[in-house]
Amino acid sequence: MLSKIFKKTPLRPAAGSTDILLLGAALALIAFGTVMIYSSSSLLALDKFKDGEFYVKKQLLFLIIGMVVMTLASKINYSVWSTLAYPALVTSFILLALLFIPGFGVRAGGATRWLKLGGLTFQVVEVVKIGLVIFLAHYLSLHWKKLENLGAPFYVSLTAAGLLAAMIYLQPDYGSAILIAAIAIIMLFLAGIRIKHLLILGIIFVPVMGGLLFLKGYRVERLTTFLDPWKDPLKSGFQIIQSFISFGSGGATGVGLGGGIQKLFYLPEAHTDFILAIIAEESGLIGVIMVIALYAILIYRGFAIAYRVADFFGYLLAAGLTLVIAFGVVINILGVMGLIPLKGMALPFLSYGGTSLLASMAAVGILLNISSHCRR
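Here we summarise the structure given alongside this text. (Residues numbered from 1 in each chain as written. Predicted model: local features only at pLDDT ≥ 70, side-chain atom pairs only at ≥ 80, totals over all residues. Heavy atoms only, no water.)

## Some thoughts on helix α6 (residues 124-143)
An α-helical turn contains 3.6 residues, so any two residues separated by three or four positions project in the same direction. Going by this rule: Helix numbers and strand numbers start at the N terminus; a helix is a DSSP run of H or I with at least 4 residues, a strand a run of E with at least 2. Multiplying 1.5 Å by the residue count of a helix minus one yields the expected span of that helix. Each residue gets one of three labels from its accessible area relative to the maximum for its type: buried under 20%, exposed over 50%, partly exposed in between, using a 1.4 Å probe on protein chains only.
With 20 residues, α6 should cover 28 Å at 1.5 Å per step; its first-to-last C-alpha distance of 28 Å lies within 8% of that length. Where burial is concerned, most of α6 is hidden: 17 out of the 20 residues are buried.

## Here's the deal with the pattern of salt bridges
To keep things clear, this is the line we draw: Within this document, salt bridges are pairs made up of a side-chain nitrogen of Lys or Arg and a carboxyl oxygen of Asp or Glu, the two lying within 4 Å of each other.
In this structure the tally under the stated criterion is six salt bridges. Across the salt bridge formed by K343 and D173, the nearest N and O atoms sit 3.2 Å from each other. Of this pair, K343 sits in the loop between α13 (312-336) and α14 (354-371) while D173 sits in the loop between α7 (152-169) and α8 (174-191), and the two are 170 residues apart along the sequence. We note a salt bridge from K263 to E282, for which the minimum N-O separation is 2.8 Å.

## Quick look at the packing of aromatic side chains
We apply this condition: Aromatic rings from Phe, Tyr and Trp, with only the six-membered ring used for Trp, were paired whenever their centres fell within 6.5 Å, and each pair was classed as stacked if the ring planes differed by under 30 degrees, edge-to-face if by over 60, and tilted otherwise.
Inspection of the entire model under this criterion finds twelve aromatic pairs. Relative to Y139, the ring of F135 lies with its centre 5.6 Å away and its plane at 15 degrees, an arrangement referred to as stacked. In this pair, F135 and Y139 both sit in helix α6, four residues apart, roughly one turn of the helix. Among the aromatic side chains, those forming a connected cluster through ring pairs are F49, F54, Y55 and Y352.

## Points about the sheet that holds strand β2 (residues 111-117)
We apply this condition: In this analysis, strands are considered paired if DSSP registers two or more bridges between them. Here an axis means a line fitted to C-alpha atoms, over the contact stretch when the element is a helix, while the angle between two N-to-C directions is reported on a 0 to 180 degree scale. Whether two residues are in contact is decided by their heavy atoms: any pair within 4.5 Å suffices.
Taken in spatial order, the three strands line up as β1-β2-β3 in an open sheet, and their pairing is antiparallel. Since the sheet does not close on itself, it has two edges, and those belong to β1 (105-108) and β3 (120-123), each with one partner. Strand after strand, the sheet turns through a mean of 35 degrees between neighbouring axes, direction not considered. The sheet contact formed by β1 and β2 spans four bridges and is antiparallel. Paired with G105 across the strands is L115, a residue of β2. Seen against the sheet, α6 touches β2 and β3 and runs at an angle of roughly 60 degrees to β3.

## Thoughts on the nonpolar core
The following threshold applies: In plain words, nonpolar cores are sets of buried Ala, Val, Leu, Ile, Met, Phe, Trp, Tyr and Cys residues tied together by side-chain atoms within 4.5 Å.
Formed by 106 residues in total, the largest nonpolar core has its most connected members in Y295, L316, L317, F349 and L350. Top contributing element to this core by residue count: α13, with 15 residues. Look past the residues within four positions of L350 in its chain and what remains in contact with it is L29, F32, G33, I37, I275, I279, V291 and Y295.

## Quick notes on the packing of helix α12 (residues 275-308) against α13
Rule in force here: These descriptions rest on fixed angle ranges, namely under 35 degrees for roughly parallel, over 145 for roughly antiparallel, 65 to 115 for roughly perpendicular, and the rest for oblique. Two helices cross in a left-handed way if the nearer one is turned anticlockwise from the farther one by less than a right angle. They cross in a right-handed way if the turn is clockwise. Polar here means any residue outside two lists: the nonpolar Ala, Val, Leu, Ile, Met, Phe, Trp, Tyr, Cys and Pro, and the charged Asp, Glu, Lys and Arg; Gly therefore counts as polar.
Running from N to C, α12 and α13 point in directions that differ by 160 degrees, and their axes come no closer than 9 Å. On the basis of the axis angle, α12 is roughly antiparallel to α13. Our pair here, α12 against α13, has a crossing hand that is left-handed. Residues L276, I292, Y295, L298, I299, G302, F303, I305 and A306 of α12 pack against Y315, A318, A319, T322, L323, I325, A326, V329, I333 and V336 of α13. For the contact of α12 with α13, the per-class residue count stands at 17 nonpolar, two polar and no charged.

If you want it as structure tokens, here you go:
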């Protein structure tokens, strides 16, 4: 187990350098995403706001803020986040609670996932994921010795993550609730719980989440649509079928930037959840492979930083933040390709959306700081 290897090789922090591969992959994804947001949203923006650059200008504003956030996070010693672990957890609970108060929560698409504070609107779950990782990294780094025998830290960690997942589930957001639970379970594994205990958790977790799936008809509909989207091609299966058409139309090299047809009001959410489908259509298989390669580099470097850092908190923090990004990438890509039921999750760094972009850039900034403290 990685945690056991780590514990047996304590190392003093050594001056390192910024991980250029991690930074380069993130910036390349952001730059390409900005171009594709403009390509996929210009006609929609022109139709809705009489300004073809509406969405890309908003994204550029968030990008500027994100660059500031990422730079600051890369300069702040990552040990500071350990002192903010409990405030981060409490803030996560408060933000989720505010969603259920009229006037604060913004309902869209049948769920209340957006919080409006003053003139600012943001998606709470993106903040909660980072907050949970910071809390678990701090708490488990202090109490990892008690995990192997399922001591109190095991139950405290599961309770904190379970309560957050339950509040997210009530929005309702079934997929993000599963994601929160999965992040917690994997971080517990990385911190040192035994494999047999991990299997027991899986035996409990899978049936519970499976049972909750069948409580709501629209979730069952998503599952049946995943199994056979052509059963209802004009309603429940429409979105994923249009995504298939995008992938098929692009071929090896694509139809060229700006030449895609599916963004012409055929593919819903073309600039957000389904931006990879537009990339596939306009840049082809080559473009998709390039995107996946950049994500692979970013995720690999994130876990490499976790492995090389000299303290247990840094190890769990780097691994947890990398997990957050990796889950977002895998769930979105598999969803738009029809390999898993659709979740409605943004593709990190590429999709339109300020909250997702800021959270992802903040995570990269923290990872960059951790990398500067890694052994050579």
